[in-house]
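# Topology and contacts: notes
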Amino acid sequence: MTTLDVAIVGAGPAGLAAATLCAERGLSTSLYDEHGGPGGQIYRGITTASRARAEFLGEDYWRGATLVPPFERSGARYVPGATVWALARRADGTFGVSQSAGPPTARYATTVEARAVILATGAQERPFPIPGWTLPGVLAAGGAQLLLKTSSLVPRGRVVLAGSGPLLWLLAAQYLRAGVAIAAFLDTTPRGRLAQAAPLAPGFMLSPYLAKGLDLVRFVRRRARVVEYVTALAVEGKDAAEAVRFRHGSHEETLPADLVLLHQGVVPDVQLAGAAGCALAWNDVQACFAPVVDVWGGTSVPGLYVAGDGAGIAGAEAAEARGRLTGLAVANALGRIAGTARDAGAQRHRRELAQALRGRAFLDALYRPADAFRMPHGDTVACRCEEVSAATILQLARDGCAGPNQMKAYTRCGMGPCQGRFCGLTVTELMAQAQRRRPADVGALRARFPVKPVTLGELASLPVGEDALRAVVRSPD
Amino acid sequence: MFARLPDDAATDVAITIDGEPFAARAGDTVAAALLAAGRRVFRAAPATGAPRGPYCLMGVCFECMVTVDGRPDQQACMLAVAPGMRIETGRGVRAVGADAGTPP
Ligand SMILES: Cc1cc2nc3c(=O)[nH]c(=O)nc-3n(C[C@H](O)[C@@H](O)[C@H](O)COP(=O)(O)OP(=O)(O)OC[C@H]3O[C@@H](n4cnc5c(N)ncnc54)[C@H](O)[C@@H]3O)c2cc1C
Ligand code: FES
């Protein structure tokens, strides 16, 4: 087996930028992504989307098109349709990267060897645990946006968008520009947030980014019914979504809806990093865990790097800059460029990063989801896979359950196919609430390899060796 | 629940959904094709049997699992349609067809 210099997981802006830089510096580079095309979440479908979409997808989307040609010229190998499910660091410091690819009837697994690994796995939707969020017809807004980018699908019938954050406004604008009517936009941003957020970014208040965002909000307000300060949001229906119920001020209202699109921001996907043993830290402003990284994206595991939104939410432009910074660090660590060349090359990308981060503190403060939408109560489902309610978790936490990993043993939450991706943060925060501890002290649900379900057939297709064993044998906690 | 934008120019991909022929489009995932066909319910939750449909559409929630070409538990949102693909929904739910809706 030949050893790669660097294996990169995730072909969004961070992964594409890192791979391009590494390959241009002469490193043998492979880029793996579970999707069939490059672009990640923001630029999904960038090589196939119709230019007829240019106008309503918006210029930020089309920026992604500039990342692909340099990547294709760089000499990096691109492996689409490959799901990475384990990383094993060996005694000699190299990694075994296990992945599966192929159609359902002929999926097979392989393990490649790499001297360094960059995780550019991006973000996922933050859970939005409200009553009725498991009903068919309730979708994450980011997911609905992917349908628009790759399949030209737009809602038909009565669609309600509910939640908070830039992505929700962007989706509303994209739909409206595409001629789709929106029954209501329910804004759950709590009252008083703008006043709290404004002082955090004086420079940003005058920047073009803010002006662009405000234009978007104004555009949506002119064309759709926007309800502010929404609380007590719930979806009703028997076998699928039929209505949304909510409160605003002292009014309670029920609106019929066939499709409810929820969103309250995105959080880092820490599954691979966590399972690989990278130290994670709780970010109190963003209310999520993220791997602890240095300024180059280096984690607590030598040779393992995280770039882009997977290392903390900062957006697509920041992801690109962070991808290049990590690429420089890896090129230096593997002896391709000197430290001075790395530092000189980094200057530009640090400026780009600083520029991209200008409004972050403001956005984080403005759009931090309300406590009630992060920490549900009663029958509201916290763990969708195993159907565990908030009340069950709160009760066990009050009874002295030690942490999320014990909670998993008691309730199975985190044991279903999603492996805690959609309940992990909720469990941590609910336990913190019940036990009056800080989420940082409660800790995270521990992810384990394989981070995605793998069939026995796929495992059997791996050559038996040290990596195959490490990929599936669980080390004791 | 979803409709194609009228100017969509992608070519058709012939698949079957629970035995019925359906024209998906190149670029569709299995989940996109099912939604375009008017399906909201993809499967039943294992514990209570409650109907479920896709939520994240990016491989995270596993709510979209269906049977593809005889293989159960495939993430519909992560798999591209291919000509002749056979998709079956509703593992574990009896009356899943009740929500079939009307195709656009
Ligand atoms: C659904 C969704 C839609 C979004 N839309 C927008 C938008 O329109 N505008 C905006 O500014 N921001 C958007 N964001 C925010 C997003 O996080 C961007 O800031 C940006 O995409 C981050 O870039 P990235 O390179 O860090 O990761 P991403 O772009 O998220 O790319 C990560 C890639 O890693 C791959 N991956 C993950 N795990 C594995 C694995 N185990 N094996 C193989 N591949 C893997 C994924 O398939 C994905 O392609 C969206 C986020 C989400 C979740
Ligand atoms: S819809 Fe969430 S994994 Fe497919």
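Residues numbered from 1 in each chain as written. Chains lettered and ligands numbered in written order. Predicted model: local features only at pLDDT ≥ 70, side-chain atom pairs only at ≥ 80, totals over all residues. Heavy atoms only, no water.

To continue, consider the overall build of chain A. Tallying secondary structure elements over chain A gives 19 helices and 22 strands in all. On C-alpha atoms alone, chain A measures out to a radius of gyration of 22 Å, which is about the 23 Å that the 2.2 N^0.38 rule sets for 477 residues. For the C-alpha atoms alone, the extent of chain A along its principal axes is close to 65 × 50 × 45 Å. Burial status across chain A gives 59% buried among its 477 residues. For chain A, restricting intrachain contacts to residue pairs at least 6 apart in sequence, the fraction spanning at least 24 positions comes to 66%. For chain A, the accessible surface area stands at approximately 18,600 Å², while carbon and sulfur atoms represent 54% of it. (Helix = DSSP H or I, 4+ residues; strand = E, 2+ residues; numbered from the N terminus. Rg over C-alpha atoms; globule rule 2.2 N^0.38 Å. Buried < 20%, exposed > 50% of the residue type's maximum accessible area, 1.4 Å probe, protein only. Contact = heavy atoms within 4.5 Å. Areas by Shrake-Rupley, 256 points an atom, 1.4 Å probe, with all protein chains shown as cover.)

What follows deals with the packing of helix H5 (residues 141–151) of chain A against helix H6 (residues 166–177) of chain A. All names here are of chain A. Viewed as axis vectors pointing N to C, H5 and H6 meet at an angle of 35 degrees, and their least axial separation amounts to 10 Å. For H5 against H6, the interelement crossing comes out left-handed. When H5 is examined against H6, the residues Ala141, Gly142, Ala144, Gln145 and Leu148 are found in contact with a partner set consisting of Leu167, Leu168, Leu170, Leu171, Gln174 and Tyr175. Here the residues of the contact of H5 with H6 sort into eight nonpolar, three polar and no charged. (Axes fitted to C-alpha atoms, helices over the stretch in contact; angles between N-to-C directions. Left-handed = near helix turned anticlockwise from the far one by under 90°. Nonpolar A, V, L, I, M, F, W, Y, C, P; charged D, E, K, R; others polar.)

Take the site of ligand 1 next. If you check the shell around ligand 1, you find 34 residues, and the closest are Ala14, Asp33, Gln41, Val84 and Asp309 of chain A. Surrounding ligand 1 are residues belonging to chains A and B, so the site spans chains. One nitrogen or oxygen atom from the main chain of Ala14 of chain A is found 2.9 Å from an oxygen atom belonging to ligand 1. Backbone polar atom of Ala316 of chain A to an oxygen atom of ligand 1: 3.2 Å apart, as the coordinates give it. Protein burial of ligand 1: of its 980 Å² of free accessible surface, 92% is covered by the chains. Those elements giving two or more residues to the shell around ligand 1 turn out to be helix H1 (13–24), strand S4 (83–89), strand S7 (123–125), H5, H6 and helix H10 (316–333) of chain A. (Near = heavy atom within 4 Å. Polar contact = N/O pair within 3.5 Å; in protein donor to acceptor, adjacent residues only side chain to side chain.)

Once that is clear, we can look at the sheet that holds strand S16 (residues 259–264) of chain A. Residues and elements named next belong to chain A. Across the sheet, which stays open at both edges, the five strands sit in the order S8-S16-S10-S11-S12 with parallel pairing between neighbours. Strand pairing shows two members of the sheet lacking a second neighbour, strand S8 (138–140) and strand S12 (226–227), which therefore form its edges. As paired elements, strand S10 (residues 159–164) and strand S11 (residues 184–187) share four bridges and run parallel to each other. Bridge pairing in S11 links Val160 to Ala184. (Pairing = 2+ DSSP bridges.)

With that settled, the discussion passes to helix H14 (residues 390–398) of chain A. All names here are of chain A. Restricting attention to buried positions, one finds in H14 the residues Ala390, Ile393, Leu394 and Ala397. Seen along its axis, H14 keeps its buried residues to an arc of 100 degrees; they face one direction. On the buried face of H14, the contacting elements are strand S21 (381–383), strand S22 (388–389), helix H15 (404–411) and helix H16 (424–435). Positive phi appears at Gly400, one or two residues downstream of H14, with a value of about 105 degrees. (Arc of directions from axis to C-beta.)

Once that is clear, we can look at the pattern of salt bridges. A side chain with one charge can pair with a side chain of the opposite charge if their charged atoms come near. Residues and elements named next belong to chain A. Using the criterion set out here, one finds 30 salt bridges over all chains in the structure. The shortest N-O distance in the salt bridge between Glu34 and Lys452 comes to 3.1 Å. You can see Glu34 sitting in the loop between strand S2 (29–33) and helix H2 (54–57) and its partner Lys452 sitting in the loop between helix H17 (439–442) and helix H18 (456–460), a full 418 residues away along the chain. For Glu34, a relative accessible area of 25% translates into the label partly exposed. (Salt bridge = Lys/Arg side-chain N within 4 Å of Asp/Glu carboxyl O.)

Quick look at the side chain of Thr89 of chain B now. Residue and element names in this part refer to chain B. With respect to the helices and strands, Thr89 occurs in the segment after strand S8 (86–88). Within polar-contact distance, the side chain of Thr89 engages the side chain of Asp18 at 2.7 Å. Within the structure, Thr89 has its side chain in polar contact with the side chain of Arg39 (distance 3.3 Å).

What follows concerns the packing of aromatic side chains. According to the stated counting rule, one finds eight aromatic pairs over all chains in the structure shown. The interplanar angle of 85 degrees and the centroid separation of 5.5 Å between the aromatic rings of Phe422 of chain A and Tyr55 of chain B together place this pair among those described as edge-to-face. Placement of the pair is Phe422 of chain A in the loop between H15 and H16 and Tyr55 of chain B in the loop between strand S5 (51–52) and strand S6 (65–68), with the two residues belonging to separate chains. On the accessibility criterion, Phe422 of chain A (1% relative accessible area) is buried. (Phe/Tyr/Trp six-rings, centres within 6.5 Å; stacked < 30°, edge-to-face > 60°.)

Between chain B and chain A, the contact holds 44 residues from the first and 48 residues from the second. Surface buried jointly by chain B and chain A totals about 3,900 Å² across both partners, of which 60% is contributed by carbon and sulfur atoms. On the chain B side of the interface with chain A, the three residues burying the most area are Phe2, Leu5 and Tyr55 of chain B, jointly 21% of the side's total. If you look at where chain B meets chain A, you find two salt bridges. Going through the elements one at a time, strand S1 (2–4), helix H1 (30–36), S5, S6 and strand S7 (71–75) of chain B are the ones with two or more residues in the side of chain B that touches chain A. (Buried area = accessible area lost by both parts, 1.4 Å probe.)

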